[in-house]
Amino acid sequence: MKGFLLRCVLLLWATLQRSNMQIAVPATVLNCCEGDILLLLDSSGSVSNYEFSRLLLFTAELLRPFSLGRGHVRAGLLQVGTNPHLEFGLDVHNNQESLQKALRRVSQLQGDTNTKAALRVAQQLLTETEEDVPKILLWLTDGVQPGDVDKLMSELKEQGVSVLAVSTVHGNYQVLQRAVTPPLESHLYSVDIDNIDIITEDLRDAIIKIIRAERLRVVHLTSHSAVLQWRPVLTAGSGYYELRYNSARKTDPETRRVLPGGSSFVELTKLHPDTTYTASLRPESNQRLFNTLSVNFTTLPDVLSPAVVSVSDSGPRQIRVSWGPLQTARVQRYTVEYGAIPSGPVRTVTLHSQQNSTLLSGLEPGTQYLVTVSALHVNGQERAMSVRACTQEALPALADLQLTPMHRQEVQVAWRAHQEGLKGYWLSWERENSHASSSKSSISSVYLPPTARSTRLTHLTPRSRVCVSPVYSSGRGDGICCTAERHTDSSQWG
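Owing to the predicted nature of the structure, the values given are computational and were not obtained by experimental measurement.

> Honestly, the overall build of the protein in this entry has me stumped. Any pointers?
Helices and strands together make up the secondary structure of the protein, namely nine helices and 28 strands. In the protein, which comprises 494 residues, the proportion classed as buried is 45%. Of the contacts made within the protein by residues no fewer than 6 positions apart, 66% connect residues no fewer than 24 positions apart. Entry remark: accessible area of the protein is about 25000 Å², with carbon and sulfur atoms responsible for 50%.

> I tried to follow the sheet that holds strand 5 (residues 161–167) on my own but got confused; where do I start?
Backbone hydrogen bonds are what pair the strands of a sheet, in a parallel or an antiparallel way. The mixed open sheet is built from six strands, whose spatial order is 3-2-1-4-5-6. Each having just a single partner strand, strand 3 (85–88) and strand 6 (188–190) make up the two edges of the open sheet. Each strand of the sheet is rotated relative to its neighbour by a mean of 20 degrees, with strand direction disregarded. Pairing between strand 2 (residues 73–80) and strand 3: three bridges, direction antiparallel. Paired with L78 across the two strands is L86, which belongs to strand 3. Relative to strand 5, helix 6 (residues 150–158) is tilted by about 135 degrees, and along the sheet it contacts strand 4 (135–141) and strand 5.

> What should I look at first to understand the state of the cysteines in this one?
Working definition: the covalent bond between the sulfur atoms of two cysteines is a disulfide. Applying the stated criterion to the full structure yields one disulfide. Of all cysteine sulfurs, the one in C481 lies closest to C482, which takes part in no disulfide; the gap is 7.7 Å.

> What am I meant to see in the side chain of Q96 here?
Within the fold, Q96 resides in helix 4 (residues 96–104). Classification of Q96 as buried rests on a relative accessible area of 17%. Only 3.0 Å separates the side chain of Q96 from the backbone oxygen of F66, close enough to count as a polar contact. Those residues in contact with Q96 that lie beyond four places of it in its chain are L63, R64, P65, F66 and L68.

> I tried to follow the environment of G424 on my own but got confused; where do I start?
On the secondary structure map, G424 appears in strand 23 (residues 422–432). Its relative accessible area of 0% is what places G424 among the buried residues. Excluding its chain neighbours within four sequence positions, the residues that come into contact with G424 are Y447, L448, P449, P450, S469, P470 and V471.

> Please clarify how the packing of aromatic side chains should be interpreted in this entry.
The description of an aromatic ring pair uses the distance of the two centres, along with the angle that the planes make with each other. In total, this model carries five aromatic pairs according to the counting rule given. Plain terms: the ring middles of W323 and Y334 are 5.4 Å apart, the flat faces sit at 50 degrees to each other, and that makes the pair tilted. Here Y334 lies in strand 16 (residues 331–340) and W323 lies in strand 15 (residues 318–324), a separation of eleven residues in the sequence. Residues W323 and Y334 agree in their burial class; the two are buried.

> Help me out: how do you make sense of helix 6 in this one?
Each α-helix turn comprises 3.6 residues. Residues three or four places apart therefore point the same way. For helix 6, the complete set of buried residues consists of L152, M153 and L156. The arc that holds the buried residues of helix 6, viewed along the axis, is 100 degrees, so those residues lie on one side. Helix 6 presents K151 and E158 as exposed residues on the side facing more than 90 degrees away from its buried surface. Summarising the contacts, the buried residues of helix 6 are in contact with helix 5 (115–127), strand 4, strand 5 and helix 7 (173–179).

> Just checking my understanding: could you explain the sheet that holds strand 12 (residues 276–284) for this structure?
Reading across the sheet, the four strands line up as 10-9-12-13 and stay open at both edges, with antiparallel pairing between neighbours. A strand with exactly one partner marks an edge of an open sheet, and here the two such strands are strand 10 (255–260) and strand 13 (293–298). Neighbour-to-neighbour, the strand axes of the sheet open up by a mean angle of 20 degrees, direction not taken into account. Here six bridges tie strand 9 (residues 240–247) to strand 10, and the two strands are oriented antiparallel to one another. Note that in strand 10 the partner of Y245 across the bridge is T255.

> For this particular structure, what's the right way to read the pairing of strand 26 (residues 464–472)?
Across a regular strand the side chains alternate sides, sitting on one face of the sheet and then on the other. Counting buried positions over the nine residues of strand 26 gives eight, a clear majority of the element. As paired elements, strand 23 and strand 26 share six bridges and run antiparallel to each other. Opposite Y425, over in strand 26, you have P470 as the bridge partner. Of the strand pairs in this sheet, strand 26 and strand 28 (residues 480–484) are connected by five bridges, and their pairing is antiparallel. Its bridge partner being in strand 28, V466 is matched across the sheet by C482.

> Just to check I follow, could you spell out unusual backbone geometry for this structure?
In most cases, non-glycine residues show a negative phi, while peptide bonds are predominantly trans. With an omega of -5 degrees, the peptide bond between G324 and P325 qualifies as cis. Along the chain, P325 turns up in the loop between strand 15 and strand 16. In this structure, D274 is a non-glycine residue whose phi angle is positive, near 50 degrees. Of note, D313 is a non-glycine position whose phi angle comes to about 50 degrees, a positive value. Looking at where D313 falls in the secondary structure, it is placed in the loop between strand 14 (308–312) and strand 15.

> Help me out: how do you make sense of the side chain of Q327 in this one?
In this structure, Q327 sits in the loop between strand 15 and strand 16. Among the polar contacts listed, one links the side chain of Q327 to the backbone nitrogen of S305, at a separation of 3.1 Å. When neighbours within four sequence positions are excluded, Q327 is seen to be in contact with V303, L304, S305, Y334 and H377.

> Hey, could you run me through the nonpolar core in this one?
One recurring pattern in soluble globular proteins is that nonpolar side chains are buried together. Counting 38 residues, the largest nonpolar core has F66, V166, L203, I207 and I211 as its most contacted members. Elements with a minimum of two residues in this core: strand 1 (35–42), helix 3 (49–63), strand 2, helix 4, strand 4, strand 5 and helix 9 (200–211). Considering each element in turn, this core owes the most residues, seven residues, to helix 3. By size, the runner-up hydrophobic cluster in this structure holds 23 residues, among which are V80, L152, M153 and V161.

What counts, and where the lines are drawn
Residues numbered from 1 in each chain as written. Predicted model: local features only at pLDDT ≥ 70, side-chain atom pairs only at ≥ 80, totals over all residues. Heavy atoms only, no water. Helix = DSSP H or I, 4+ residues; strand = E, 2+ residues; numbered from the N terminus. Buried < 20%, exposed > 50% of the residue type's maximum accessible area, 1.4 Å probe, protein only. Contact = heavy atoms within 4.5 Å. Areas by Shrake-Rupley, 256 points an atom, 1.4 Å probe, with all protein chains shown as cover. Pairing = 2+ DSSP bridges. Axes fitted to C-alpha atoms, helices over the stretch in contact; angles between N-to-C directions. Disulfide = S-S within 2.5 Å. Polar contact = N/O pair within 3.5 Å; in protein donor to acceptor, adjacent residues only side chain to side chain. Phe/Tyr/Trp six-rings, centres within 6.5 Å; stacked < 30°, edge-to-face > 60°. Arc of directions from axis to C-beta. Core = buried A, V, L, I, M, F, W, Y, C linked by side-chain atoms within 4.5 Å.

As C-alpha cells, this is what we get:
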C-alpha cells in the first residue's frame, strides 16, 4: 500500500514537472523581488498524507517563478510537529532546481501540532538576521488545534514580519484571522485541499506586493486609516524617519511625525473618507544621505458598521458570528437576532460597542438560520446586515472501543464506528519515552484511514489512556477513552 501511494505521489510530481516545462514564466516576476519567505508547514498527525503531499506540490508551484538567493528571494521550510524541524534554512537554496529537489524529499513528521515551539524558531530565523529585506511567514496548516499562538504572532508582526496563512479545512478561523497581517482578503485563505491550486496566483501576487523592490507603499486602506510600509534602510540606533502627509484639501494642515529608525511601517489614522493624500518619508542619518520616498493614495468611501458579517466555528449546536468594522466611537450598541428558517422563534442578543463577535449556542443540528446584526449609531442612525448560516449535522460518536493485552507493554486496540461519511480515525495514547535518561512519558497520536478497524500499540506506560475519535467530513465525532491497566497476573487490561 505504501509503495502504491509513493508511486502515485511520484507520478503526480512528474506530471506537474512536465506541465511546468510548458508554461512560460513572465520575466517581470523572476527578478521583481527581494525578501525572505519562511514556510511554516503543519506536518503533524492531524494532516493526512494526501494533504501533506498536496501542500508540498502547492508550495513548489507557488515559489517556482522567483529568482532565489541573496539579493532576490530566500526561502526556508520549517515543519510543525511535536518538535519543530528546520528542513532547510533561508540561505540553503540559490536556484530553483535545488529548491524543487529539496521539496520533493520532504517527509512528514506526524506527532502533535506544537505550533508555539515552531514559532519561536521562526522568530529567530526571521528577526535575528542582518538582511534588511521584507520578511514573510507563510503558515500552511489544516487549521486544527493551532494552539495559543496570538502572542508570538503579534511579536513577529511588531518586528516587521508579514504573516500570511493558508488553511485546508474549516479550523479555528478566529485564530488565523488574528494571526495574519492585513488585508485579510489577500493574506488569509481557507480552501479545500483538492482545489488549493486556484489560490496560487492570488497568493503569489500578495507575496510579490510585500517583497517587490519598492520603497514606500500602502498595504492596508480603510475610509479613515492607511498603513504605509517601506523597506527599512535604517536601524534603531542609526537615525530616524520623518513622515509628512496631507490631504488634497487646501484647508487641512500638514501632519509631521518622527518615527524610530527601526520601524518599517506606520498607521495613519483619523483620515477623511474618500480623500486623496500625499505622504513622504525621509530617512535621516549621520552616516549617509537617503532619497525621500513618497506615495499618493485615496481613502475608501465612508463605511457604517456592520459592513461585513461572517460566520465561523460552526458546530452541531453553535455558530460564531463576527462583524466589522469595529467603530466604538460611532456605535452605541449592537443587536444580533437569529432564528431557524423558515418559521423558527427569533432570539435576540444585545452587545456593547466594543464587541465584534458572539457565539450563538443552543441551536438545532443540521438547521439553517437567518442571522441579522444591527448597529445603533450615536447619531440615531441604524444599519443592519443579514446572513444565512447552517449548523453541522450531529456527528455519530464512536460505537465501541476494546483493549486486548498482547505482550508486555503492548495492547491490541479495536473499535467500531458509524460508517456513513467517515473519513478516518484520530488515535492518541501515552507511551514511554524512548530515551533511557528520561523517565517522562509522551503523548503520541496518529491519523488512521476509514478502513482501519484495529491497531497494535507498543511501549505503553502503565495506566496509559488510549483514545479513539471518528473523523467525518464535517468534523470530529465524540470519541471513547479507555485506560490500559496492567494487573498483577498480566492477563487483563481494561
